[in-house]
Amino acid sequence: LPRVRAGEGGGEPGSSGGFPNMASVGYFNVLSSSIPATKVELSVSCRNLLDRDTFSKSDPICVLYTQAIGNKEWREFGRTEVIDNTLNPDFVRKFIMDYFFEERENLRFDFYDVDSKSPNLSKHDFLGQMFCTLGEIVGSQGSRLEKSIVGIPGKKCGTVIVTAEELGCCRDSVLMQFCANKLDKKDFFGKSDPFLVFHRSNEDGSFTICHKTEVVKNTLNPVWQAFKISVRALCNGDYDRTIKVEVYDWDRDGSHDFIGEFTTSYRELSRGQSQFNVYEVINPKKKGKKKKYVNSGTVTLLSFLIETEVSFLDYIKGGTQINFTVAIDFTASNGNPSQPTSLHYMNPYQLNAYGMALKAVGEIIQDYDSDKMFPALGFGARLPPDGRVSHEFALNGNPQNPYCHGIDGVMEAYYRSLKSVQLYGPTNFAPVINHVARYAASVKDGSQYFVLLIITDGVISDMAQTKESIVNASKLPMSIIIVGVGPAEFDAMEELDGDVVRISSRGKFAERDIVQFVPFRDYIDRSGNHVLSMARLAKDVLAEIPEQFLSYMRVRGIKPSPAPPPYTPPIHVLQTQI
């Protein structure tokens, strides 16, 4: 299914939302090319850098590197200015980076003491470095990460403080309305049935479709409904970038007739209703053929309103924590863990599918959870000592405290429990969903959001109870990710996903879509490069989380908390004795 990026709104463009006289323009995937979820600006400061200059203090510069996902190669992203003669620089030049919740962006900050004009870094003294992910910076309290600088053995290299600030243009949406006059008549019998198609231009000069209006039937002077679009989708935040608008006459068979086109930009549109925002619709073919051709009608902007949306990062910066829980399928249909054919096979040389999926998703989510303590549960196994079947047992063997430290702790507990429990059945999802729902129900104030990752071979036994649990959970601050491993038919999982038909139980529909399902086999890389394929898996299962998170906050009317004020160390004032 076409996935719609967080914050871009899906739905069927041009569907006749209860208005007469309109027809649907077929579904199109607006956002097949990813627009970054948002852009963030990173500011860098250091405290107590190493002093490498004999007669004065160091002259520091910071160089940022990012890492390619596949080959892990570090590439220079940018440099700050050089600040002379200080060990406590606050760099003015910022780094502006694309931010996706669902991707892991590894960063490396290198610091040098600049000794000459040479751009070649090897000519300058190395002062140390700091590694982190973009998610770690954003997920820190107040989106402010403080870390020690390392890299020079036996020396204290000082600390670096990196702050992330979301760029304002990324969160604006505009509400616009257009009308047209005297459009060309294209239909043999009636007048035209016009609609507009908007395209934003890309860096390489190509165009990407970003909005279609509804169709207004049988008129050459249509007034379209006002529509809302994010500034990112319209022009990727670049106010002077060309926006191309095409006017078509709708035809039932899909062969819509081109009436003409015009170009504008966000900056022009933002002047609002004025003589500057009346556009001549030009059909280049007609213009070339007919000497007397003037235009094929005009399109007028009737209104232009900017709305600022609260974003996912506003909540994260305000301190909302994302709690991550893992539930693993220990049913017999997975096969005996000691056999290489088993989905739970404990291969000493590489992770099995369960381990790979867990790591891929967990490593990204952990940046948003300050204590890094994750409950890890299993279901469908017989437990020692008495062989009772359990559908929510703690992987670490401690039902009072199922928390594991970090993703590595979860992996360790998973391998330990594989050695001690007996795979059994049936495959019941409802108990682990209800387990997380109990926690989610106790904090509905927006300070916490829960994500449950269920990894399963997909042969579900309690479909009715699971649907009931999901419908109830859809009112709570939680989302569920299901990764299906192995060769089974995953029709039941697709049904739970609710992208095609919203899930319901006993006549009650889920308040919002909270389940995202992906089959692991779609991501197995034949070439054996698991790094890239697991990055794709994480991207696809996590892409919907920010929008699901925001939909909960919106429905509940919860506003982000203000970010805590940045920490400034106290300045000691010497009290003089009188």
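Residues numbered from 1 in each chain as written. Predicted model: local features only at pLDDT ≥ 70, side-chain atom pairs only at ≥ 80, totals over all residues. Heavy atoms only, no water.

## Side note on the overall build of the chain
Consideration 1: Helix and strand counts for the chain come out as 12 helices and 28 strands.
Consideration 2: Overall, the C-alpha framework of the chain stretches about 85 × 75 × 60 Å when taken along its three principal axes.
Consideration 3: Counting across all 578 residues of the chain, residues that qualify as buried make up 53%.
Consideration 4: Excluding contacts between residues fewer than 6 apart, the proportion of contacts in the chain whose partners are at least 24 apart in sequence is 71%.
Consideration 5: Per element, the accessible surface of the chain, about 27200 Å² overall, is 52% carbon and sulfur.
Consideration 6: Once the 63 positive and 69 negative side-chain charges of the chain are each reduced to a mean point, those two points are 3 Å apart. (Helix = DSSP H or I, 4+ residues; strand = E, 2+ residues; numbered from the N terminus. Buried < 20%, exposed > 50% of the residue type's maximum accessible area, 1.4 Å probe, protein only. Contact = heavy atoms within 4.5 Å. Areas by Shrake-Rupley, 256 points an atom, 1.4 Å probe, with all protein chains shown as cover. Lys, Arg positive; Asp, Glu negative; His and termini not counted. Charge placed at Lys NZ, Arg CZ, Asp CG, Glu CD.)

## Some thoughts on the pairing of strand 1 (residues 38–47)
Consideration 1: By the criterion of burial, strand 1 is predominantly enclosed, with 7 of the 10 residues buried.
Consideration 2: Pairing of strand 1 with strand 4 (residues 95–99), which is carried by 5 bridges, proceeds in the antiparallel orientation. Paired with Thr38 across the two strands is Tyr99, which belongs to strand 4.
Consideration 3: As defined by bridge partners, strand 1 adjoins strand 8 (residues 159–166) across 8 bridges and the pair is classed as antiparallel. (Pairing = 2+ DSSP bridges.)

## Considerations on the sheet that holds strand 19 (residues 381–383)
Consideration 1: On the basis of which strands lie adjacent, the open sheet formed by 3 strands has the order 20-19-23 and antiparallel pairing. Both outer strands of the open sheet, strand 20 (388–390) and strand 23 (422–423), are each paired with one neighbouring strand and no more.
Consideration 2: In this structure, strand 19 lies alongside strand 20, joined through 3 bridges in antiparallel fashion. What sits directly across from Ala381, in strand 20, is Ser390.

## Topic: the environment of Glu494
Consideration 1: Structurally, Glu494 can be placed in helix 10 (residues 491–497).
Consideration 2: Put simply, Glu494 and Val518 are 24 residues apart on the chain and 8.4 Å apart in space, counted from C-alpha to C-alpha.

## A closer look at the pattern of salt bridges
Consideration 1: Scanning the entire structure with this criterion turns up 21 salt bridges.
Consideration 2: Close ionic contact of Glu392 with Arg438 constitutes a salt bridge, the shortest N to O distance being 3.5 Å. You can see Glu392 sitting in the loop between strand 20 and strand 21 (393–394) and its partner Arg438 sitting in helix 8 (residues 430–442), a full 46 residues away along the chain.
Consideration 3: You can call Glu392 partly exposed: its relative accessible area is 33%.
Consideration 4: One salt-bridge network, in which partners are shared between bridges, spans Lys228, Glu307 and Glu309. (Salt bridge = Lys/Arg side-chain N within 4 Å of Asp/Glu carboxyl O.)

## Considering the environment of Val459
Consideration 1: Considering the arrangement of structural elements, one finds Val459 in the loop between strand 24 (448–456) and helix 9 (463–473).
Consideration 2: Between the C-alpha atoms of Val459 and Ala488, which are 29 residues apart in sequence, the distance is 7.3 Å.
Consideration 3: Each residue touching Val459, except ones within four places of it in the same chain, is listed here: Thr427 and Ala488.

## A short note on the packing of helix 6 (residues 353–365) against helix 11 (residues 530–542)
Consideration 1: At their nearest, the axes of helix 6 and helix 11 sit 9 Å apart, and the two run at 60° to each other. Judged by the inter-axis angle, helix 6 sits oblique to helix 11. Handedness of the crossing formed by helix 6 with helix 11: right-handed. Across from Met356, Ala357, Ala360, Val361, Ile364 and Ile365 in helix 6, the residues of helix 11 making contact are His530, Met534, Leu537, Ala538, Val541 and Leu542.
Consideration 2: Classifying every residue of the contact of helix 6 with helix 11 gives 11 nonpolar, 1 polar and no charged. (Axes fitted to C-alpha atoms, helices over the stretch in contact; angles between N-to-C directions. Parallel < 35°, antiparallel > 145°, perpendicular 65-115°, else oblique. Left-handed = near helix turned anticlockwise from the far one by under 90°. Nonpolar A, V, L, I, M, F, W, Y, C, P; charged D, E, K, R; others polar.)

## Considering the UniProt feature "domain: VWFA" (unreviewed entry) in the chain
Consideration 1: With numbering aligned to this structure, UniProt lists the feature "domain: VWFA" (unreviewed entry) at residues 323–524.
Consideration 2: The span residues 323–524 carries 29% helix and 26% strand; its end-to-end C-alpha distance comes to 28 Å. (UniProt positions renumbered as here; feature names shortened; annotations may be inferred.)

## What to know about helix 7 (residues 406–420)
Count 3.6 residues to each turn of an α-helix, and residues three or four apart come out pointing the same way.
Consideration 1: Between its first and last C-alpha, helix 7 extends 22 Å over 15 residues, near the 21 Å set by a 1.5 Å rise per residue.
Consideration 2: Taken as a whole, helix 7 has its buried residues at Gly406, Ile407, Gly409, Val410, Met411, Ala413, Tyr414, Ser417 and Leu418.
Consideration 3: Packing partners of the buried residues in helix 7 comprise strand 17 (321–329), helix 6, strand 18 (373–379) and strand 22 (403–405). (Expected span 1.5 Å × (residues − 1).)

## So, the pairing of strand 17
Consideration 1: Most of strand 17 sits out of view: 9 of its 9 residues are buried.
Consideration 2: By the alternation rule, side chains of strand 17 split into Gln321, Asn323, Thr325, Ala327 and Asp329 and Ile322, Phe324, Val326 and Ile328, which are all buried.
Consideration 3: Both strand 17 and strand 24 contribute to a ladder of 8 bridges, which runs parallel. Of the residues in strand 24, the one forming a bridge with Asn323 is Phe450.
Consideration 4: Where strand 17 lies against strand 18, 4 bridges are found, and the strand directions are parallel.

## Description of the confidence of the model for the chain
Consideration 1: Averaged over every residue, the pLDDT of the chain is 88; residues scoring 70 or more account for 91%.
Consideration 2: Contacts for the low-pLDDT stretch residues 1–34, under 50 throughout, to residues beyond four places or in other chains number 73 contacts.
Consideration 3: Every residue in residues 573–578 is under pLDDT 50, and counting partners more than four places away or in other chains gives 0 contacts. (pLDDT = per-residue confidence, 0-100.)

## With respect to helix 8
Consideration 1: End to end, helix 8 covers 18 Å across 13 residues, agreeing with the expected 18 Å (1.5 Å per residue, within 8%).
Consideration 2: The complete set of buried residues in helix 8 reads Ala430, Val432, Ile433, His435, Val436, Ala437 and Ala440.
Consideration 3: In this structure, the buried side of helix 8 is in contact with strand 17, strand 18, strand 24, helix 9 and strand 25 (478–484).

## Description of a nonpolar patch on the surface
Consideration 1: A surface patch of nonpolar side chains, amounting to about 210 Å² of accessible area, comprises Ile69, Val531 and Leu532.
Consideration 2: Mapped onto the secondary structure, Ile69 falls in the loop between strand 2 (60–67) and strand 3 (74–79). (Patch = residues over 30% accessible without salt bridge, like charges linked within 9 Å, V, L, I, M, F, W, Y side chains within 5 Å.)

## Structural notes on a negative patch on the surface
Consideration 1: Together, Glu489, Asp491, Glu494 and Asp522 give the surface a local cluster of negative charge.
Consideration 2: Relative to the assigned elements, Asp491 resides in helix 10.
Consideration 3: A residue is classified by how much of its surface remains accessible, and Asp491, at 54% relative accessible area, is exposed.

## Observations regarding the side chain of Ser201
Consideration 1: Following the sequence through the fold, Ser201 ends up in strand 10 (residues 194–201).
Consideration 2: Among the residues examined, Ser201 registers a relative accessible area of 9% and is labelled buried.
Consideration 3: In this structure Ser201 touches Ser206, Phe207, Arg241 and Thr242, once residues within four positions along its chain are discounted.

## What to know about unusual backbone geometry
Consideration 1: In this chain, Pro384 is followed by Pro385 through a cis amide linkage whose omega measures 0°.
Consideration 2: By secondary structure assignment, the location of Pro385 is in the loop between strand 19 and strand 20.
Consideration 3: A positive phi angle, near 60°, is found at Asn48, a position not held by glycine.
Consideration 4: Turning to its location among the elements, Asn48 is positioned in the loop between strand 1 and strand 2.
Consideration 5: Residue Asn48 is classed as exposed on the basis of its relative accessible area of 55%.

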